[in-house]
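Below are the chains, spelled out letter by letter.
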Amino acid sequence: MKRILVIDDAATVRLYHRGILESAGFEVSEAVNGLEALERVVEGPFDLYLVDINMPKLDGYGFLRELRAKDIPQAPAIMVSTEAEDNDQRLAYACGANLYLIKPTKPAQLLAHVQTLLGARQPS
């Protein structure tokens with residue numbers, strides 16, 4: 001079963017994404033900010049990260065920079081944010097995001113992108 005780490009400081013957003021991903025058969029873990037997410041990475045491995053930008057302690061950009069600098073197997077990361085400016089997207093990609101989506105995401109859209117990045121149609 002593929003493991004996904006959902007990183008967002010908003011409990012309602014984590015719950016929304018968890019519901020979508022678990023209904024498709026993925027195993028989901030959560031973190032409330034980038035710092036907690038880095039601690040969870042040690043417990044990993046994860047197959048994909050779903051990352052918000054604006055979070056306390058360590059934002060999504062900082063999380064991705066630190067994650068990509070680690071000497072560990074790397075997994076794809078989808079940055080999911082309400083920030084819709086081109087600069088936000090450019091910075092996300094520069095930090096190591098594989099995809100940038102604007103909130104709110106539609107369930108079918110999110111699952112299609114997740115499955116594409118995982119290289120599979122079925123979560124296994």
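Calculation notes
Residues numbered from 1 in each chain as written. Predicted model: local features only at pLDDT ≥ 70, side-chain atom pairs only at ≥ 80, totals over all residues. Heavy atoms only, no water. Axes fitted to C-alpha atoms, helices over the stretch in contact; angles between N-to-C directions. Helix = DSSP H or I, 4+ residues; strand = E, 2+ residues; numbered from the N terminus. Parallel < 35°, antiparallel > 145°, perpendicular 65-115°, else oblique. Contact = heavy atoms within 4.5 Å. Nonpolar A, V, L, I, M, F, W, Y, C, P; charged D, E, K, R; others polar. UniProt positions renumbered as here; feature names shortened; annotations may be inferred. Buried < 20%, exposed > 50% of the residue type's maximum accessible area, 1.4 Å probe, protein only. Salt bridge = Lys/Arg side-chain N within 4 Å of Asp/Glu carboxyl O. Phe/Tyr/Trp six-rings, centres within 6.5 Å; stacked < 30°, edge-to-face > 60°. Lys NZ or Arg CZ within 6 Å of the ring centre and 35° of its normal.

Q: For this particular structure, what's the right way to read the packing of helix H3 (residues 60–69) against helix H4 (residues 86–95)?
A: Helix packing for two helices is described by the angle between their axes and how far apart those axes are. It is at 8 Å that the axes of H3 and H4 come closest, and there the two elements cross at 20 degrees. The angle between H3 and H4 places the two elements in the roughly parallel class. Only Asp 88, Leu 91, Ala 92 and Cys 95 of H4 make contact with H3, whose side of the interface consists of Tyr 61, Leu 64, Arg 65 and Arg 68. Grouping the constituent residues of the contact of H3 with H4 by class yields five nonpolar, no polar and three charged.

Q: Can you walk me through the UniProt feature "modified residue: 4-aspartylphosphate" (unreviewed entry) in the protein chain in this structure?
A: Here the UniProt feature "modified residue: 4-aspartylphosphate" (unreviewed entry) sits at Asp 52. For Asp 52, the position within the fold is in the loop between strand S3 (48–51) and H3. Asp 52 sits in the buried class, given a relative accessible area of 5%. Apart from residues lying up to four places away in sequence, Asp 52 is in contact with Ile 7, Asp 8, Asp 9, Gly 60, Met 79, Val 80, Ser 81 and Lys 103.

Q: It is not clear to me how the pattern of salt bridges should be interpreted in this structure. Could you clarify?
A: A side chain of one charge can pair with a side chain of the opposite charge when the charged atoms of the two come close. Taken as a whole and judged by the stated rule, the model has eight salt bridges. For Arg 18, the salt bridge identified is with Glu 30, shortest N-O distance 2.7 Å. In this pair, Arg 18 sits in helix H1 (residues 11–23) while Glu 30 sits in strand S2 (residues 27–31), placing the two residues twelve residues apart along the sequence. Residue class for Arg 18 comes out partly exposed when judged on its relative accessible area of 21%. For Lys 103, the salt bridge is made with Asp 52, and the minimal N-O distance between the two is 3.2 Å. One end of the pair, Lys 103, is in the loop between strand S5 (99–102) and helix H5 (107–118); the other, Asp 52, is in the loop between S3 and H3, with 51 residues separating them in the sequence. Overall, the relative accessible area of 19% leaves Lys 103 in the buried class.

Q: I tried to follow the packing of aromatic side chains on my own but got confused; where do I start?
A: Any two aromatic rings considered together are summarised by their centre-to-centre distance and by the angle between their planes. Within the structure shown, the criterion is met by two aromatic pairs. Aromatic pair Phe 46 and Tyr 49: ring centres 6.0 Å apart, planes at 55 degrees, arrangement tilted. The two residues Phe 46 and Tyr 49 agree in class, both being buried. Plain terms: the ring middles of Tyr 49 and Phe 63 are 5.7 Å apart, the flat faces sit at 70 degrees to each other, and that makes the pair edge-to-face. You can see Tyr 49 sitting in strand S3 and its partner Phe 63 sitting in helix H3, a full 14 residues away along the chain. The structure contains a cluster of three or more aromatic residues connected by ring pairs, namely Phe 46, Tyr 49 and Phe 63. Here Arg 3 stacks its cationic end above the ring of Phe 46, 4.3 Å away from the centre of that ring.

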